[in-house]
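# Residue-level structure breakdown
Residues per chain, in single letters:
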Amino acid sequence: MTVQNSDKTPSRKQRLQEKQRRQLAVVDTVDKAEVKVRKAEAELAVAVAEAVQVFGDERAASEGLDMPVEAVRRFVGMAAHETAAAADGADD
């Protein structure tokens, strides 16, 4: 009869499996965070596009939001893209 020693160091296979498990966990965490970032950017884009309408133009919205005009334009473009994608999805 053999006695298993619980203090035995993990085998190479066990170490590799544990490393892969940690790597997959980190990749999963990053993937989930990226989804959250994309959702937040889409919400921000819609809000900035609404601000442009309320303020009257991109420059006024830029000043009112204390955001560079380039950023305002980028978010307005994202909002337009989101709106077009939503419209395309509704047509299907």
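Right, let's walk through the structure included here. None of the values given here were measured: they were computed from a predicted structure.

### Let's talk about helix α1 (residues 12–55)
- The terminal C-alpha atoms of α1, which comprises 44 residues, lie 63 Å apart, in line with the 64 Å expected from a rise of 1.5 Å per residue.
- For α1, the complete set of buried residues consists of Ala42, Ala45, Val48, Ala49, Ala51 and Val52.
- Once α1 ends, the next one or two residues include Gly56, with phi positive near 110°.

### Some points on the pattern of salt bridges
- Applying the stated rule across the entire model yields four salt bridges.
- With a shortest N-O distance of 3.9 Å, Arg22 and Glu18 are connected by a salt bridge. On the criterion of helical spacing, the pair formed by Arg22 and Glu18 is a turn pair, its members being four residues apart in helix α1.
- We classify Arg22 as partly exposed; its relative accessible area is 45%.
- For Glu18, a relative accessible area of 32% translates into the label partly exposed.
- Between Lys32 and Asp28 there is a salt bridge whose closest N-O contact spans 3.2 Å. Of this pair, Lys32 and Asp28 both sit in helix α1, four residues apart, which is roughly one turn of that helix.
- Accessibility expressed as a relative area gives 52% for Lys32, which makes it exposed.
- Residue Asp28 is classed as partly exposed on the basis of its relative accessible area, which comes to 36%.
- What you see here is one network of salt bridges that share partners, running through Glu18, Arg21 and Arg22.

### Some words on the side chain of Ser62
- Mapped onto the elements, Ser62 comes out in helix α2 (residues 58–65).
- Residue Ser62 is classed as buried on the basis of its relative accessible area, which comes to 9%.
- Sequence-distant contacts of Ser62, defined by excluding residues within four places in its chain, comprise Met67, Pro68, Val69 and Val72.

### Some remarks on the nonpolar core
- Formed by Ala45, Val48, Ala49, Val52, Ala61, Met67, Ala71, Val72, Phe75 and Ala79, the largest nonpolar core amounts to ten residues.
- Counting residues per element, the ones that place at least two in this core are α1 and α3 (69–91).
- Leaving out residues up to four positions away in the same chain, Met67 has contacts with Val48, Ser62, Val72 and Phe75.

Rules and cut-offs
Residues numbered from 1 in each chain as written. Predicted model: local features only at pLDDT ≥ 70, side-chain atom pairs only at ≥ 80, totals over all residues. Heavy atoms only, no water. Helix = DSSP H or I, 4+ residues; strand = E, 2+ residues; numbered from the N terminus. Expected span 1.5 Å × (residues − 1). Buried < 20%, exposed > 50% of the residue type's maximum accessible area, 1.4 Å probe, protein only. Salt bridge = Lys/Arg side-chain N within 4 Å of Asp/Glu carboxyl O. Contact = heavy atoms within 4.5 Å. Core = buried A, V, L, I, M, F, W, Y, C linked by side-chain atoms within 4.5 Å.

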